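One letter stands for each residue in the lines below.
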Amino acid sequence: MAAAVPTPTPSVDAAPVLTSTPFGALPGQQVTHTVTISGSGTLTTTRVTFTTTVDLDGVTARAEPGRCAASPRTVVCDLGDLRLGPAGTAPRITITGRVRPGAPPGTVVRNRVGVTSVETTATGARTTSNAYLLPGSTATPTDPPPRSTAMASEVPPGRSMRVPAVAAVVAGAAAMAALLARRRLRRRPGPPPADPL
């Protein structure tokens, strides 16, 4: 009796695609990571794992199809069975959060995505990643101050905006006093006429 020949597993050509917007997000900035799976074939019991090296505050994750569990540095999404290619809709995972302030300058921010399924058990997870260095400043970008505030800040501390007005009043009083003094000089009677000899 001939031995049963195992049915070959259909080939699967699947790869995750990761897009981070904005790429290079600074501490305090909102970032959105979008994961799609491209390729062809069928994936069974598909799981997508996203990891990052910096904490994300308020992180949320949504899978279409599937469901996700999120934590500050890891998101795990179970997508079930997927059919990739023209006949199926490319699955999409959207992860949003705010990069937690406080990461020191020069920190490597590495975002990584791995896809596993029954079909990838022998070959290992299909992965992709992106990475960048945090620049020297970790200050959260802020809006510039309003123009009125900037003008007020140009006044030296301890001085009042009333000083020019007071100076103008003093100068006017001095000019008036000089004018009155000239009028008095004009009204002063001249010396008496000399007696005739």
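Residues numbered from 1 in each chain as written. Predicted model: local features only at pLDDT ≥ 70, side-chain atom pairs only at ≥ 80, totals over all residues. Heavy atoms only, no water.

Asks: I'd like a description of the state of the cysteines, backed by residues and values.
Replies: Using the criterion set out here, one finds 1 disulfide in the structure. In this model, Cys68 is linked to Cys77 through a disulfide, with the two sulfur atoms separated by 2.0 Å. A torsion of 110° about the S-S bond marks the disulfide between Cys68 and Cys77 as right-handed. The class of Cys68 is partly exposed, set by a relative accessible area of 26%. (Disulfide = S-S within 2.5 Å. Buried < 20%, exposed > 50% of the residue type's maximum accessible area, 1.4 Å probe, protein only.)

Asks: Give me the pairing of strand β1 (residues 13-21): which residues, what numbers.
Replies: The two faces of β1 differ: Ala14, Pro16, Leu18 and Ser20 on one face are buried, but Asp13, Ala15, Val17, Thr19 and Thr21 on the other face are not. Examined bridge by bridge, β1 and strand β2 (residues 30-52) share 9 bridges and lie antiparallel to one another. Note on β2: the bridge partner recorded for Ala15 is Ser38. (Helix = DSSP H or I, 4+ residues; strand = E, 2+ residues; numbered from the N terminus. Pairing = 2+ DSSP bridges.)

Asks: Before we move on, can you summarise empty space enclosed by the protein with the specific residues and values?
Replies: All told, the structure shown has 1 cavity of 30 Å³ or more when counted by the stated rule. Roughly 60 Å³ of volume is contained in the largest cavity. Contributing to the lining of the largest cavity are 14 residues, with Val31, His33, Val109, Asn111 and Tyr132 lying nearest its centre. For the lining of the largest cavity, the elements supplying multiple residues, two or more each, are β2 and β7 (108-116). For the lining of the largest cavity, the leading source of residues is β2, giving 3 residues. Classifying every residue of the lining of the largest cavity by side-chain character gives 9 nonpolar, 5 polar and no charged. (1 Å grid on protein atoms, 1.4 Å probe; cavity = no way out; pocket = protein on both sides within 12 Å on 5 of 7 lines; lining within 4 Å. Points joined across faces, edges and corners; volume = space filled by probe spheres on them. Nonpolar A, V, L, I, M, F, W, Y, C, P; charged D, E, K, R; others polar.)

Asks: Residues and numbers for the nonpolar core, please.
Replies: In terms of nonpolar packing, the biggest core is built from 27 residues, with Ile37, Leu43, Val48, Leu79 and Ile93 touching the most fellow members. Elements with a minimum of two residues in this core: β1, β2, β3 (56-64), β5 (74-84), β6 (92-99) and β7. Counting residues per element, this core draws most heavily on β2, which supplies 6 residues. (Core = buried A, V, L, I, M, F, W, Y, C linked by side-chain atoms within 4.5 Å.)

Asks: Hey, could you go over the environment of Thr45 for me, with residue numbers and the actual values?
Replies: With respect to the secondary-structure elements, Thr45 resides in strand β2. Once the C-alpha coordinates of Thr45 and Asp81 are considered, the two residues, 36 residues apart in sequence, prove to be 5.2 Å apart. Setting aside anything within four residues of it in sequence, one finds Thr45 in contact with Gly80, Asp81, Thr116, Ser117 and Val118. (Contact = heavy atoms within 4.5 Å.)

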